[in-house]
Amino acid sequence: MPFRVLRELTNVSQVKPGGVTTITFDPGPKYHAALLHLKDVALSDITEIRLKANSEVIHRYTGTQLDILNRLRGFQAYTGGRVASKPDGGFLRVPFDRPRLRNRVLEEDGGINTGQPDPNTGDMITVLKMEIQFGPQTSPTAYAPEIVKASAFQSQGTADGPGTIRRIMQTTRSAQGAGRITWSEFETPGSKFMGLVSAVMIPDQNAVTEVEVFRKQDSVFLATAEENDYFLTDGYEGRQPIAGVYPILWDLDGYGGNVLELARILDNGQMAAITSGDYRFKVNVDGAMQCTMLMEYMGRLK
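Residues numbered from 1 in each chain as written. Predicted model: local features only at pLDDT ≥ 70, side-chain atom pairs only at ≥ 80, totals over all residues. Heavy atoms only, no water.

Undergrad: Could you give me a rundown of the pattern of salt bridges, with the residues and numbers involved?
TA: All told, the structure shown has 22 salt bridges when counted by the stated rule. For Glu48, the salt bridge goes to Arg50, with nearest N and O atoms at 2.5 Å. For the pair Glu48 and Arg50, one class covers both residues: buried. Put simply, Lys302 and Asp123 hold a salt bridge, and the shortest N to O gap is 3.5 Å. With Lys302 in the segment after β20 (289–299) and Asp123 in the loop between β7 (112–113) and β8 (128–134), this residue pair connects regions lying 179 residues apart in the sequence. According to the relative accessible area criterion, Lys302 is exposed, its value standing at 59%. For Asp123, a relative accessible area of 21% puts it in the partly exposed group. Each of Arg73, Arg98, Arg166, Arg239, Asp251 and Glu296 takes part in salt bridges that share partners, so that together they form one network. (Salt bridge = Lys/Arg side-chain N within 4 Å of Asp/Glu carboxyl O. Buried < 20%, exposed > 50% of the residue type's maximum accessible area, 1.4 Å probe, protein only. Helix = DSSP H or I, 4+ residues; strand = E, 2+ residues; numbered from the N terminus.)

Undergrad: Which residues make up unusual backbone geometry, and what are the values?
TA: Look at Asn54: it is not a glycine, yet its phi comes out positive at around 55°. Tracing the sequence through the fold places Asn54 in the loop between β4 (46–53) and β5 (56–61).

Undergrad: A description of the nonpolar core should follow, citing residues and the corresponding values.
TA: One finds Ile23, Phe25, Phe96, Met130 and Ile132 to be the most contacted residues of the largest nonpolar core, which totals 41 residues. Those residues in contact with Phe25 that sit more than four places away from it in its chain are Leu9, Tyr31, Ala34, Leu51, Phe96, Leu128, Lys129, Met130 and Ala152. Among the nonpolar cores identified, the runner-up in size contains 29 residues, and Leu260, Leu262, Tyr279 and Phe281 belong to it. (Core = buried A, V, L, I, M, F, W, Y, C linked by side-chain atoms within 4.5 Å. Contact = heavy atoms within 4.5 Å.)

Undergrad: Break down the packing of aromatic side chains for me, with residues and values.
TA: Overall, the coordinates contain seven aromatic pairs when judged by the stated rule. Judged by centre distance (5.9 Å) and plane angle (70°), the ring pair of Phe25 and Phe96 falls under edge-to-face. Of this pair, Phe25 sits in strand β2 (residues 20–25) while Phe96 sits in the loop between β6 (90–95) and α2 (104–107), placing them 71 residues apart in sequence. When the centroid spacing of 5.4 Å and the interplanar angle of 75° are considered together, the rings of Phe186 and Phe281 count as edge-to-face. In this pair, Phe186 sits in the loop between β11 (179–183) and β12 (195–203) while Phe281 sits in strand β19 (residues 279–285), placing the two residues 95 residues apart along the sequence. Overall, Phe186 belongs to the buried group, its relative accessible area being 9%. Residue Phe281 is classed as buried on the basis of its relative accessible area of 0%. Sitting over the ring of Phe193, Arg167 keeps its end group 5.6 Å from the ring centre. (Phe/Tyr/Trp six-rings, centres within 6.5 Å; stacked < 30°, edge-to-face > 60°. Lys NZ or Arg CZ within 6 Å of the ring centre and 35° of its normal.)

Right, dumping it as structure tokens:
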């Protein structure tokens, strides 16, 4: 297996309230995660993080949402905050791999292989950037955000091109009141969206009390919130529930092959895919809500 090293990322643009800081990764290595040492930054100050491969956004979440994703997988919560309470700042992990699996090959399948052309198609990630949007200076207490240091876990790039791309997409669904509703029409299955790894539901109020997931006519997941929390507590490598969040982690036991299939390559090289309406969520809620959904997919670069 490739040896991982931790190296500082030196191409970091200016940091200021209301601005966008860009971190540019040198092409050539395979990147597994980034580690940000932040000072005078609360999670709510990070209004969006965008990870871009070439010009496409492949990860999108707020600081708070990233912290939820990390804690669900058993990583530490963000250790920083505003300078008054955290004068030395703290650390925020940004995983690119598929975290905490039993098989390292599958775990690193989501690593981002840069500067390496696909031997068959020539496709290649030539530019990898992370954009961090900081909130404006609107709070009663002024803040001066600082990236003390940005680092990346990386290994030697491999000669198989971009390989598998892990995408984290953000969408919103709503409920007008208590009841059972259907949420569907997510990303269109195809080469970019071949498998759904997880779906994390974060309502702004009230609660998701039960979820049933269908693939075509087959029910592939059904659990109340209490049952789901129990499964997560027993999950592999510290996976854990979070109050107010309903996550579906198909790899909760650490088995990377356990992914909801949306598309596949047939023996003749053709793509077979279901439609965007063929995978849907029947959700029980106990009141009105706007629900953010963070959908994690595996697929190809193009």
